[in-house]
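# Examination of the molecular architecture
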Amino acid sequence: MRELPPQALNIEHTAFRQPVYKGRPQTETSVVSNLKTIVKDIADEMRARTDRGEVASYIPELARVDPKLFGIAVIDAEGNVAAGGDSDTPFSIQSVSKVFTLTLALGKAGDRLWQRVGREPSGSAFNSIVQLEYERGIPRNPFINAGAIAITDLILSGHQPREALGEILRFIQFLTQDSSIVIDEAVAASEQRTGFRNIALANYMKSFGVLDNPVDLTLGVYFHQCAIAMSCKQLAMAGRFLAHNGRNPETGMSVVQPERARRIAAIMLTCGHYDGSGEFAYRVGLPGKSGVGGGILAIAPGKASIAVWSPGLDAAGNSHLGRVALEALTKRLGWSIFSA
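Residues numbered from 1 in each chain as written. Predicted model: local features only at pLDDT ≥ 70, side-chain atom pairs only at ≥ 80, totals over all residues. Heavy atoms only, no water.

## Some remarks on helix α9 (residues 196-207)
Compared with an ideal rise of 1.5 Å per residue, which puts 12 residues at 16 Å, α9 spans 17 Å between its outermost C-alpha atoms and is within 8% of the ideal. All buried positions along α9 are accounted for by N198, L201, A202 and M205. Along the long axis of α9, the arc covered by the buried residues comes to 95°, so they all point the same way. Looking at α9, the residues exposed on the side facing more than 90 degrees away from the buried face are F196 and S207. Positive backbone phi, at 80°, marks G209, one or two positions downstream of α9. (Helix = DSSP H or I, 4+ residues; strand = E, 2+ residues; numbered from the N terminus. Expected span 1.5 Å × (residues − 1). Buried < 20%, exposed > 50% of the residue type's maximum accessible area, 1.4 Å probe, protein only. Arc of directions from axis to C-beta.)

Written out as structure tokens, the structure reads:
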């Protein structure tokens, strides 16, 4: 694939540290073997469970996904992959894409971005319009739908929709070094036909001057970015820079500065699961971002990037078994950021 030029992503080569594992010293082989065993066991346990949640029926294409599917992938600092279940099956990443668009938008606008979107948890559903009414069109954070639409609008400014969408897709392909990642056009079309709540959110923000571009163009890019299809292995690969201070730990190549990587992870922890963010932090203890396609990208700082997928959602719109699996993983590995 054709790589993005380094200046487009502010990339620089840096040295990187090897991860430090707590407790009794282990060989690299034993650590990897233990991780693979734990991941396989969790995948087997999730496959046997019957409490799977409900698929996102309001998007017709997502309603057709088999709720019995489950995948998990963990990629450590050395690039070792521990995976189980349907970890190679592509799925619509939906709101997980907001992590990557936020990263791109911060690269374009820096801290000026926070003039049009906040950084606080919403305490409301991901597609709620209530707070926009109280706060004059300023979304509470970049991970609720209104905030993500505002972020997409920033990326679109100065470009044609196809160019903006291409930039988003190329960035994800760059992070994964995988040019096979594409947009699921059927899912995108399904969202455009039924995205009435998002249309309302965008028009409301436009009335307050929060959006610069025509609503239909911004939403066209937004619906397509949400329809990007990735497997758990690809998604875990894409998130590695956030687990390692903004760098690809294998090459030492910098994607973002360490401070920015930490701040993105902080927003993932506090806002990444909508009004279920507190519950996720309490039970899993990792920064994470969910999507209504059933995917979750989670970050174990200094250790690994993790992706899980189970299409059935809980009441807050987050993957039910995805959260259960991540809770089991962090308990068995001691990876919660709140661990002593």
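## Remarks on the pattern of salt bridges
Proximity of charged atoms lets side chains of opposite charge pair with each other. Under the defined criterion, the tally for this structure stands at 16 salt bridges. Its salt-bridge partner being K108, residue E167 comes within 3.4 Å of it at the nearest N-O pair. With E167 in helix α7 (residues 161-176) and K108 in helix α4 (residues 97-109), this residue pair connects regions lying 59 residues apart in the sequence. With a shortest N-O distance of 2.9 Å, E327 and R323 are connected by a salt bridge. With E327 and R323 both in helix α15 (residues 320-333) and four residues apart, this pair spans about one turn of that helix. (Salt bridge = Lys/Arg side-chain N within 4 Å of Asp/Glu carboxyl O.)

## A word on the sheet that holds strand β3 (residues 91-92)
One open sheet accounts for three strands, arranged β3-β5-β4; its pairing is antiparallel. Edge positions in the sheet fall to β3 and β4 (182-183), since each has one partner strand and no second. With two bridges connecting them, β4 and strand β5 (residues 228-230) associate as antiparallel partners. Counted as the bridge partner of V182 is A229 from β5. In the packing of α7 onto the sheet, the strands contacted are β4 and β5, and the crossing angle to β5 comes to about 10°. (Pairing = 2+ DSSP bridges. Contact = heavy atoms within 4.5 Å. Axes fitted to C-alpha atoms, helices over the stretch in contact; angles between N-to-C directions.)

## With respect to the confidence of the model for the chain
Mean pLDDT over the chain works out to 90, with 91% of the residues at or above the 70 mark. Residue range residues 1-24 is modelled with pLDDT below 50. Its contacts to residues more than four positions away, or to other chains, number 48 contacts. (pLDDT = per-residue confidence, 0-100.)

## Quick notes on the sheet that holds strand β8 (residues 304-309)
Ordered in space as β2-β1-β8-β7-β6, the five strands form an open sheet in which the pairing is antiparallel. Only two strands of the sheet have a single partner each, and these edge strands are β2 (81-85) and β6 (288-290). Geometrically, the sheet is characterised by an average inter-axis angle of 10° between neighbouring strands, direction not taken into account. When strand β7 (residues 295-300) meets β8, the two strands line up antiparallel, connected through six bridges. The residue of β8 that forms the bridge with A300 is A304.

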